[in-house]
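One letter stands for each residue in the lines below.
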Amino acid sequence: AILILISILMLTIALERGYILFRANMPLIAEEGRALLALIAAKKYDQAREYCTGKLHPAFRTVARILENRSTNDDLEALAREEMVAEQTSLERFTSFLGTTTTHAPMLGLLGTVTGMIKAFSAFAAASQRSQQLTIGIHEALITTTLGLMIAIPALVFFNYYVRRTNQLMDECEALVERVVKELA
């Protein structure tokens with residue numbers, strides 16, 4: 001029962017994170033970055049913020065928040081770091097559950113294996129003629145091991161992809177934000 005609950009949660013989180021990262025899966029186009037930097041260099045901050053507003057890439061969301069809060073914060077580099085951390089936190093939301101699932105699901109499957117084998121050998125020790133109880137215990141052991149692995153393997157694939165994609169997006173974000181901060185300074 002717990003493996004089924006974990007599999008439902010894993011699938012829900014994997015789909016939700018996939019949707020979020022798919023929406024942000026737009027490459028950071030150099031021309032868009034240059035257009036943004038040109039607006040900032042011309043001190044057209046409101047236009048630059050508006051330019052960022054319609055974009056899905058995390059770099060543009062981060063720059064928009066920096067432009068919004070630049071007048072209330074003297075340390076632009078600290079503001080940029082705070083905004084990038086906030087964006088990274090948003091992108092990484094719930095992915096740790098996928099990583100944890102890759103570890104715990106096989107362990108729960110192995111726990112089922114052990115309990116199933118204990119039942120099987122207890123039945124075998126009680127009476128050799130009760131082969132049905134032996135079969136039930138072995139069946140339980142194999143089912144729980146299979147379920148644990150069926151949950152852990154996709155969770156590991158999703159987790160690794162989402163971590164890699166988040167890191168890629170944040171590298172692009174950091175590159176654009178550094179250039180924006182230099183223009184604003």
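Note that this is a predicted model, so its numbers are computed, not measured. (Residues numbered from 1 in each chain as written. Predicted model: local features only at pLDDT ≥ 70, side-chain atom pairs only at ≥ 80, totals over all residues. Heavy atoms only, no water.)

1. A short note on helix α1 (residues 2–23)
Between its first and last C-alpha, α1 extends 32 Å over 22 residues, near the 32 Å set by a 1.5 Å rise per residue. Where α1 is concerned, the buried positions are Leu3, Ile6, Met10, Ile13, Ala14, Arg17 and Leu21. Down the axis of α1, the buried side of the element spans an arc of 105°, and every buried residue falls inside it. Along α1, exposed side chains directed more than 90 degrees from the buried face belong to Ile8, Leu15, Tyr19 and Phe22. (Helix = DSSP H or I, 4+ residues; strand = E, 2+ residues; numbered from the N terminus. Expected span 1.5 Å × (residues − 1). Buried < 20%, exposed > 50% of the residue type's maximum accessible area, 1.4 Å probe, protein only. Arc of directions from axis to C-beta.)

2. Digging into a negative patch on the surface
A grouping of Asp74, Asp75, Glu77, Glu82, Asp171, Glu174 and Glu178 is seen on the molecular surface, where their side chains present a negatively charged patch. Counting only elements with at least two residues in the negative patch, the list comes to α5 (76–92) and α7 (131–184). The dominant element in the negative patch, judged by the number of residues it contributes, is α7, at three residues. Tracing the chain through its elements places Asp75 in the loop between α4 (58–69) and α5. (Patch = residues over 30% accessible without salt bridge, like charges linked within 9 Å, V, L, I, M, F, W, Y side chains within 5 Å. Areas by Shrake-Rupley, 256 points an atom, 1.4 Å probe, with all protein chains shown as cover. Salt bridge = Lys/Arg side-chain N within 4 Å of Asp/Glu carboxyl O. Lys, Arg positive; Asp, Glu negative; His and termini not counted. Charge placed at Lys NZ, Arg CZ, Asp CG, Glu CD.)

3. Concerning unusual backbone geometry
In terms of backbone geometry, most residues other than glycine have negative phi values and most peptide bonds are trans. Of note, Lys43 is a non-glycine position whose phi angle comes to about 60°, a positive value. Tracing the sequence through the fold places Lys43 in the loop between α2 (30–41) and α3 (45–53).

4. A look at the nonpolar core
Note on soluble globular proteins: their nonpolar side chains tend to be buried together. Core analysis: the biggest nonpolar cluster contains 34 residues, and Leu36, Ile40, Val63, Val177, Val180 and Leu184 have the highest contact counts within it. At the level of secondary structure, the elements contributing two or more residues to this core comprise α1, α2, α3, α4, α5 and α7. The greatest single-element share of this core, amounting to 10 residues, is contributed by α7. Of all hydrophobic cores here, the second largest spans five residues; its members include Ile6, Ala105, Ile151 and Ala152. (Core = buried A, V, L, I, M, F, W, Y, C linked by side-chain atoms within 4.5 Å.)

5. What about the packing of α3 against α4?
At a closest axis distance of 8 Å, the pairing of α3 and α4 adopts a crossing angle of 150°. One finds that α3 runs roughly antiparallel with respect to α4. Note that α3 runs across α4; the crossing there is left-handed. Here α3 contributes Tyr45, Ala48, Arg49, Tyr51 and Cys52 to the contact with α4, which in turn contributes Phe60, Val63, Ala64, Leu67 and Glu68. Of the residues belonging to the contact of α3 with α4, the class tally is eight nonpolar, no polar and two charged. (Axes fitted to C-alpha atoms, helices over the stretch in contact; angles between N-to-C directions. Parallel < 35°, antiparallel > 145°, perpendicular 65-115°, else oblique. Left-handed = near helix turned anticlockwise from the far one by under 90°. Contact = heavy atoms within 4.5 Å. Nonpolar A, V, L, I, M, F, W, Y, C, P; charged D, E, K, R; others polar.)

6. Considering the environment of Phe94
As for its placement among the helices and strands, Phe94 is situated in the loop between α5 and α6 (95–126). Through-space distance from the C-alpha of Phe94 to that of Ile13 is 6.7 Å; in sequence the pair is 81 residues apart. Once residues within four sequence positions are removed from consideration, Phe94 is found in contact with Ile13 and Glu16.

7. Focus: a nonpolar patch on the surface
Side chains of Met117, Phe121, Ile138 and Leu142 sit close together on the surface and give an oily, nonpolar patch of about 360 Å² of accessible area. Elements represented by at least two residues in the nonpolar patch include exactly α6 and α7. For Phe121, the location among the structural elements is in helix α6.

8. Re the packing of aromatic side chains
In total, this model carries three aromatic pairs according to the counting rule given. Seen from their ring centres, Tyr51 and Phe60 are 6.3 Å apart, and the 75° between their planes marks the pair as edge-to-face. Measuring from centroid to centroid gives 5.9 Å for Phe158 and Tyr162, while their planes differ by 20°, and the two rings are stacked. In this pair, Phe158 and Tyr162 are both assigned in helix α7, four residues apart and thus about one turn of the helix distant. Overall, Phe158 belongs to the partly exposed group, its relative accessible area being 27%. Among the aromatic side chains, those forming a connected cluster through ring pairs are Phe158, Tyr161 and Tyr162. Over the face of the ring belonging to Tyr51 we find Lys55, whose NZ or CZ atom lies 4.3 Å from the ring centre. (Phe/Tyr/Trp six-rings, centres within 6.5 Å; stacked < 30°, edge-to-face > 60°. Lys NZ or Arg CZ within 6 Å of the ring centre and 35° of its normal.)

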